[in-house]
Amino acid sequence: MTTAGALRIGDDQAWVELAPEEDAPGQWRVTADWVGAFTADFEFDLKAGEAAAFADAFLAGVDRGGSFRLEAKESRDNPLMLQSVRAGDDLAFVVRLTPNGHDTTVHLDLEIDPMDRAELRGRIDEFRRSLV
């Protein structure tokens, strides 16, 4: 279930979600799950402007329809990296989570099945509007 004002990518099998903390304005959380076997849940230091810029870049990548790579927090602790892979008319994703910083031995690469670009664009649009 998606949290209000959150961006969730994926389905019931594999997903990642970026959501504002309800009890702590200005704080964010990243949660992820792969068939209930692997999970991640950690605080994410992100400013509202960074969240908006990430959403805008994500929309641009989806609209281009090809492969792209984004980091929500370039060159900072615990970045959230998304890499898209074209799958026919849809986009599949590899999400790299690094809850303990840039330590290359502590990360999770999560593969997310192809998603319809129109549905994905709708989710990102909704998330972007929630940031205003």
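Heads up: the structure comes first, above all this text.
About the criteria used
- Residues numbered from 1 in each chain as written.
- Predicted model: local features only at pLDDT ≥ 70, side-chain atom pairs only at ≥ 80, totals over all residues.
- Heavy atoms only, no water.
- Helix = DSSP H or I, 4+ residues; strand = E, 2+ residues; numbered from the N terminus.
- Buried < 20%, exposed > 50% of the residue type's maximum accessible area, 1.4 Å probe, protein only.
- Pairing = 2+ DSSP bridges.
- Expected span 1.5 Å × (residues − 1).
- Arc of directions from axis to C-beta.
- Contact = heavy atoms within 4.5 Å.
- Core = buried A, V, L, I, M, F, W, Y, C linked by side-chain atoms within 4.5 Å.
- Lys, Arg positive; Asp, Glu negative; His and termini not counted.
- Salt bridge = Lys/Arg side-chain N within 4 Å of Asp/Glu carboxyl O.
- Polar contact = N/O pair within 3.5 Å; in protein donor to acceptor, adjacent residues only side chain to side chain.
- Phe/Tyr/Trp six-rings, centres within 6.5 Å; stacked < 30°, edge-to-face > 60°.

Asks: Explain unusual backbone geometry here, please?
Replies: Glycine aside, residues mostly have negative phi, and peptide bonds are mostly found in the trans state. With a phi close to 40 degrees, Val35 is a non-glycine residue in the positive phi region. Tracing the chain through its elements places Val35 in the loop between β3 (28-34) and β4 (38-44). Judged by its relative accessible area of 40%, Val35 is partly exposed.

Asks: What's the story with the pairing of strand β1 (residues 7-10) in this structure? I'm lost.
Replies: For a regular strand, the rule is simple: side chains alternate between the two faces of the sheet. Pairing between β1 and strand β2 (residues 14-20): 4 bridges, direction antiparallel. By the bridge assignment, Arg8 is partnered in β2 with Glu17. In this structure, the hairpin formed by β1 and β2 is closed by a connection of 3 residues.

Asks: It is not clear to me how helix α2 (residues 117-130) should be interpreted in this structure. Could you clarify?
Replies: For α2, which comprises 14 residues, the first-to-last C-alpha distance of 20 Å matches the rise-based estimate of 20 Å (1.5 Å per residue) to within 8%. Residues of α2 that are buried: Leu120, Ile124 and Phe127. Down the axis, α2 shows its buried residues gathered within 60 degrees of arc, on one side only. Exposed residues on α2 whose side chains face more than 90 degrees from its buried face are Ala118, Glu126 and Arg129. In the core, the buried residues of α2 are packed alongside β1, β2, β3, α1 (48-64), β7 (90-97) and β8 (108-115).

Asks: In this structure, what is going on with the nonpolar core? I would like to understand it.
Replies: Side chains of a nonpolar character, in soluble globular proteins, are inclined to be buried together. With 33 residues, the main nonpolar core has Ile9, Val16, Phe44, Phe58 and Leu97 as its most contacted residues. Take this core: its biggest share by element is 6 residues, from α1.

Asks: Sorry, what's going on with the side chain of Asp33 here?
Replies: By secondary structure assignment, the location of Asp33 is in strand β3. Despite its burial, Asp33 remains without a salt bridge, the nearest opposite charge being carried by Arg8 at 8.3 Å. Of the polar contacts made by the side chain of Asp33, one reaches the backbone nitrogen of Val35; its length is 3.4 Å. Contact partners of Asp33, with chain neighbours within four places excluded, come to Gln13, Ala14, Trp15, Phe38, Thr39 and Leu110.

Asks: Can you walk me through the packing of aromatic side chains in this structure?
Replies: Aromatic ring pairs are reported here in terms of the distance separating the ring centres and the angle at which the planes meet. If you walk through the whole model with that rule in mind, you get 7 aromatic pairs. Consider the rings of Phe54 and Phe58, whose centres lie 5.9 Å apart with planes at 50 degrees: the pair is tilted. A residue pair is termed a helical-turn pair when its members lie 3 or 4 positions apart in one helix, as Phe54 and Phe58 do in helix α1 at 4 residues. Residue Phe54 is classed as buried on the basis of its relative accessible area of 5%. Residue Phe58 is classed as buried on the basis of its relative accessible area of 0%.

Without other data, these values stay purely geometric and don't point to any function.
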